[in-house]
Structures are given as structure tokens and as C-alpha cells.
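Letter by letter, the chains look like this.
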Amino acid sequence: MHSEMQRIFDKVVARDPDQPEFQQACLEVLETLGPAIDAHPEYIPIVERLCEPERIIQFRVPWVDDGGGQHVNRGFRIQYNGAIGPYKGGLRFHPTVNQSVLKFLAFEQIFKNSLTGLPMGGGKGGSDFDPKGKSDSEVMRFCQSFMMELWRHIGHNLDVPAGDIGVGGREIGYLFGMYKKLRNDFEAGVLTGKGMSFGGSLIRPEATGYGLVYFAREMLATKGMSFEGATVSISGSGNVAQFACEKVLDLGGKPVTMSDSSGWIHDPAGIDREKLAWVMDLKNNRRGRISEYADHFDGVTYTKSQPDPSVNGLWSVKVDVALPCATQNELNAAEAQSLVDGGCSAVAEGANMPCTPEAVEVFQNNGLLFAPGKASNAGGVATSGLEMSQNSLRLNWSRQEVDEKLENIMVNIHKNAFETADRFGHPGNYVIGANIAGFLKIAEAMLAQGVL
Ligand code: NDP
């Protein structure tokens, strides 16, 4: 690693020794910035500033369950970097949420948003609340309580949250309703991922999964490959996984796996459109477990999550392309080796940081195409940017218009990452290409705006 980047990283570790996810995200970027820093030594203090969020808001979220019991969760909003636009990034509701996880996500978001080419800064937020097993009215009361504090910190020109794990259309609806009531103002652009009847954008639900597959398609094309006839493993069964699966089917591929936090299914015959529609109903309406898929369809195996996920895990299935779409650090070096041994050609991250650094090393050492999430899953936030544009214009674009804009953005992100990697002497290395391309735009803006 460049000696100045090492010095900055040592400071990150000394400051926040108890934040492993944040350290991992910083390290992954800092160790790739050397060539950019050699070309622009004036950016060294910018990198140091980038490793510290502009603002962290933490608050209490009390709520009452259906039986009258009282609970308290912790809410957060990290306004990480506003150099190129309003803070923008999702809200995550999951028991594992803490400051380290949200700082890592917000840090990644800065570079991702920069890569989209749209004017959006980086932010992230959420709560350690677990929506699983809660009734609709409990989720509503929680969202209302969460917004009773958050509303004073956000705004369409200030900070625009969206969904993430555990925050889908239902939660965004409750959050938006409470914001509108508190502000006494219909400020459509304050949240994205809204329902179509109150300012949402067509294709926003599909955008991260579709964008991921558009990016992977571009990456495969550089080696003369395509999704046509390719076997594909997908992890997760939430928003990103579902629409990645749909787009793989559109492009002639065969998805064969899905998972949730309890276990994973392998369907060698392929998850076709009818089966995918069943999964969408299971996960989005009935809120069931992926194990039910194996009970419902023939020839499917279900394996429970193991304490050691590398044992007989989802990634041991032989595939041509792997799309990890569940959560951070879900794919380790042993699992990466299984994919390599099974003849996999390409891995594109749908989730944020799903592959451990050791796993990424295995892919790169074995010549696989590897797309880091901050490039390949940027379609979601890009389409959130398009939702904000439509809200400002008070117009609704058609499904086809939004999809074309999304596709163009993903093609451009791929081109930018690919060409930047080449320009800085690491052809084919999308990690270096995406990090440097995202960084240069931010650094230029921060330098121009002075020491803030
Ligand atoms: P969802 O909540 O819709 O789905 C998450 C999926 O991952 C579920 O199947 C969930 O299973 C599974 N999962 C969550 N935590 C774990 C865990 N600890 N171990 C195993 N499985 C787990 O979230 P999204 O699909 O929106 O998000 C998935 C990933 O994509 C996240 O990393 C997110 O940050 C990233 N992302 C999402 C974007 C979006 O637009 N939604 C944009 C860019 C990135 P279970 O139901 O059992 O918890």
C-alpha cells in the first residue's frame, strides 16, 4: 500500500479500533488509491478527510408492540460526504446494524454515487430494529417513531434516504407519511423508493438487480461471453436478488440458487419466471422463508445455514456466474475457491461488500472477472437519482424511459471503471478502476470547496 495511505489507514484503526466493517471498507479503497495519489499528491489530505464522516446522528426510537409492551431501539443517520450533492443512501433495519456497519455503507456510498454521474453525496442510516415477525401495525409504529426524530435532519436538498435491508416499499410509505405530517408539506423528493401513487419511479424496485445484471453483461462481453445459456448462482431472496434473477432470465441465463438468513435452495432445473413469481409473493406478501420453495417445487434441495458457511454452502454449486445479493462478508476465501474450482467465470456483487477481501484475492489471482458492489450495484441509487429528478420536474417517465436511462448509466459506469483501471496500469481490475474513478470526482470537488 502507498505509504501515505498506510499512515491514514493506521489512523482509522487507532481512532475506531472496534469498527471492523468500517476499517475493511476503508482499507479496500485506500490500498487501491496509490496510482491516483502518485498522479495527484495534493489529494492526500482529501483522503484523510474522507475517512471521517461529516456528521453522525444517533437517536432513541421507542415504540409499542401490539400487546402494549414498550421497546427501545437505536436509530442512526450518517451524513458522510456532501461534496457533490445532498447526502444520499438507504436505511437498513436489521439487528446487526451499528455504527461500524453504517459507516462502512456510507463510505462505500460516496464512491458509488460519484460513479453514477449524478449529483449525490454519500450517506446511510438505519436501526437495530428487526422487522421480521412484526405485524404491519408494529412496523408502522416503529417507522413513525423513527421519523419523529429523523425528519429534522433530512430534506430534498439536504439528505435523501431510501430503502436497504429490511426497508422496502411498505416501510418507505410509513416513513414518508410521517415526514409529510410533521413538515406539513408534500416534499416528494425527500425519500426515494416511494410507491407509484405518491411520487415513486417506475423501475426503482427493479433497479439494483437489473443494473447488476447490465453491469455483469458488459463485463462478460469484454471476454466474448454472455448470459445466454449461463448457469447463475444468486444469494439472498430480497429486493436485489429477485430482480437480478428476473434480468438473468431476460438475458437467457439459468438462475439455480436463492437463500435467506436461514438457508438456501438449489433448483438444478432452474428458477423460471413462474417460480420467481412464487418467490416474490412468498417474500414480499406472505413474508415466508425460502425453505418453503423446496416443499413447493420438485427436485429442489434445501440446506440450512451452517455455523461455518464454507461447509456445503451455496457457493459450492457449479455455475458460470455468481451474484452475491444478500449481505456483507457472505462469501469467504474457501467459498471463492469452490467457485473457481467449479469453473465460474465471473462474480458481480449485488450486495454491499459481500465478498471478503480474501475472497476477492482468490478471484483476482485466478483470473475471474470480478465486479465490486460500488460499481455493479449502483443502479439502485442511480434510479433513486432519477426518481428525484422526476419529483423536481413533477413528471413521470415511462418504464421504458427509466430502464433505458438505467441501462445507459450502468454501461457508462462499466466503461469508466474499465478505462480507469487501464489508464492507471491495472487492466481488467474493476476494484481499482471503480475506486479511482469514483474518488477523482469527489477529490476534485472537495479540493475546489476548500478545507471543510
Ligand atoms: P432485502 O431485505 O430485500 O433482502 C436481503 C436478503 O438477504 C434477504 O433474503 C435476507 O434474508 C438476506 N440476508 C440478510 N442478512 C443476512 C445475513 N446476515 N445472512 C444471510 N442472509 C441475509 O435487502 P436488499 O435486497 O435491498 O439488499 C441486499 C443487499 O444489497 C444489501 O447488502 C444492500 O445493502 C445491498 N443493496 C441494496 C440496494 C437496494 O436498492 N435495495 C442498493 C444497493 C445495494 P432474511 O430475509 O432471512 O433476512
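Higher on the page you've got the structure.
It should be emphasised that the depicted structure is a prediction, and the values quoted were computed from it without experimental measurement.

Chemist: Describe in detail the sheet that holds strand E1 (residues 55–64), supporting the description with residues and values.
Modeler: The strands making up a sheet associate through backbone hydrogen bonding, with each pair oriented either parallel or antiparallel. With mixed pairing, five strands are arranged side by side in an open sheet as E1-E2-E4-E3-E5. Two strands in the sheet have a free side with no partner beyond their single neighbour: E1 and strand E5 (159–162). Within this sheet the neighbouring strands show an average axis-to-axis angle of 20°, counted without direction. Sitting on the sheet, helix H5 (residues 99–116) is in contact with E1, strand E2 (70–81), strand E3 (87–93) and strand E4 (121–127), with an inclination near 150° to E4.

Chemist: Kindly report on the side chain of Asn435, identifying the contributing residues and their values.
Modeler: Within the secondary structure, Asn435 is located in helix H17 (residues 430–449). Here the side chain of Asn435 touches Glu28 through a polar contact of 3.3 Å, landing on its backbone oxygen. Leave out the neighbours within four places in its chain, and Asn435 touches Glu28, Val29, Thr32, Leu33, Phe111 and Lys374.

Chemist: Talk me through the environment of Ser226; I want residue IDs and the actual numbers.
Modeler: With respect to the helices, strands and loops of the structure, Ser226 is situated in the loop between helix H8 (204–221) and strand E6 (231–234). Spatially, the C-alpha atom of Ser226 lies 8.8 Å from that of Ala216, the residues being 10 residues apart in sequence. A distance of 3.1 Å separates a polar atom in the side chain of Ser226 from the backbone nitrogen of Glu228.

Chemist: If you had to explain the site of the ligand to someone new, which residues and values would you point to?
Modeler: In the neighbourhood of the ligand, 25 residues make up the surrounding shell, with Asp164, Thr208, Ser261, Arg289 and Asn352 lying closest. For the ligand, an oxygen atom lies 2.7 Å from a polar atom in the side chain of Thr208. In the environment of the ligand, an oxygen atom lies 2.6 Å from a nitrogen or oxygen atom belonging to the side chain of Arg289. Coverage of the ligand by the protein amounts to 83% of the 890 Å² it exposes when considered alone. When contributions to the shell around the ligand are tallied by element, the ones reaching two or more residues are H8, helix H9 (239–250) and strand E7 (254–260).

Chemist: Describe in detail helix H2 (residues 20–30), supporting the description with residues and values.
Modeler: Within H2, eight of the 11 residues are buried, which leaves the element mostly enclosed by the surrounding structure. Taken as a whole, H2 has its buried residues at Glu21, Phe22, Gln23, Gln24, Ala25, Cys26, Val29 and Leu30.

Chemist: Would you mind going over the sheet that holds strand E8 (residues 263–266) in detail, with residue names and values included?
Modeler: Spatial ordering of the open sheet is given by E9-E8-E7-E6-E10-E11-E12, a layout of seven strands whose pairing is mixed. Two strands lie at the open edges of the sheet, namely strand E9 (301–304) and strand E12 (369–371), each paired on one side alone. Pairwise comparison of adjacent strand axes, ignoring direction, gives a mean angle of 15° for this sheet. With three bridges joining them, E6 and E7 adopt parallel strand pairing. Each bridged residue has a counterpart across the sheet, and for Thr231 the counterpart in E7 is Lys254. Each of strand E10 (321–323), strand E11 (346–348) and E12 is contacted by H8, which is oriented at about 150° to E11, the strand it contacts most. Where H9 meets the sheet, it contacts E6, E7 and E10, and its direction lies at approximately 175° from that of E7.

Chemist: Now, about H17: what can you tell me, with residues and values included?
Modeler: The end-to-end C-alpha separation of H17 is 29 Å, in line with the 28 Å expected for 20 residues at 1.5 Å each. Taken across its 20 residues, H17 has 15 buried, putting it largely inside the fold. Regarding H17, its N-cap is Asn429, as a side-chain oxygen of that residue lies 3.0 Å from the backbone nitrogen of Val431 further along. Backbone geometry just downstream of H17 places Gly450 in the positive-phi region, at approximately 85°.

Chemist: Pulling in residues and values, what's your account of the packing of aromatic side chains?
Modeler: Counting across every chain of the model gives 22 aromatic pairs. On the numbers, 5.1 Å between centres and 90° between planes, the contact of Phe93 with Phe142 is edge-to-face. Here Phe93 is found in strand E3, whereas its partner Phe142 is found in helix H6 (residues 136–150), with 49 residues between them in sequence. By the ring-pair criterion, three or more aromatic residues cluster together here, those being Phe59, Trp63, Phe93, Phe129, Phe142 and Phe146. The lysine or arginine in question, Lys134, covers the ring of Phe129, its NZ or CZ lying 5.3 Å from the ring centre. The lysine or arginine in question, Lys275, covers the ring of Phe297, its NZ or CZ lying 5.8 Å from the ring centre.

The rules we used
- In this convention, every chain numbers its residues from 1, walking through the sequence in written order.
- Totals for whole chains, interfaces and linings use every residue, but because this is a predicted model, local features are given only for residues with pLDDT of at least 70 and side-chain atom pairs only at 80 or more, for both listing and counting.
- Only hydrogens and water are removed before side-chain values are computed, so all heavy atoms of the structure are retained for them.
- Strands were regarded as paired on the criterion that DSSP finds at least two bridges between them.
- The numbering of helices and of strands both runs from the N terminus, where a helix is a DSSP run of H or I of at least 4 residues and a strand a run of E of at least 2.
- Angular values range over 0 to 180 degrees, each being the angle between N-to-C directions of two axes fitted as lines to C-alpha atoms, with helices fitted over their stretch in contact.
- Here a residue-residue contact requires only that any non-hydrogen atoms of the pair lie within 4.5 Å.
- Two N or O atoms count as a polar contact when they lie within 3.5 Å, although within protein this holds only if one can serve as hydrogen donor and the other as acceptor, and sequence-adjacent residues are included solely when both atoms are side-chain atoms.
- Only heavy atoms are used to decide nearness, and a residue is near a molecule or strand if one of them lies within 4 Å of it.
- Computed by Shrake-Rupley with a 1.4 Å probe, the accessible areas treat only the displayed protein chains as cover when residues are assessed.
- When accessible area is computed with a 1.4 Å probe and restricted to protein chains, residues below 20% of their type maximum are described as buried, those above 50% as exposed, and intermediate ones as partly exposed.
- Multiplying 1.5 Å by the helix residue count minus one yields the expected span of that helix.
- Side-chain rings of Phe, Tyr and Trp, where Trp is taken by its six-membered ring, are said to pair if the distance between their centres is within 6.5 Å; with planes under 30 degrees apart they count as stacked, over 60 as edge-to-face, and otherwise as tilted.
- Over a ring means this: the NZ of a Lys or the CZ of an Arg is within 6 Å of the ring centre and within 35 degrees of the ring normal.

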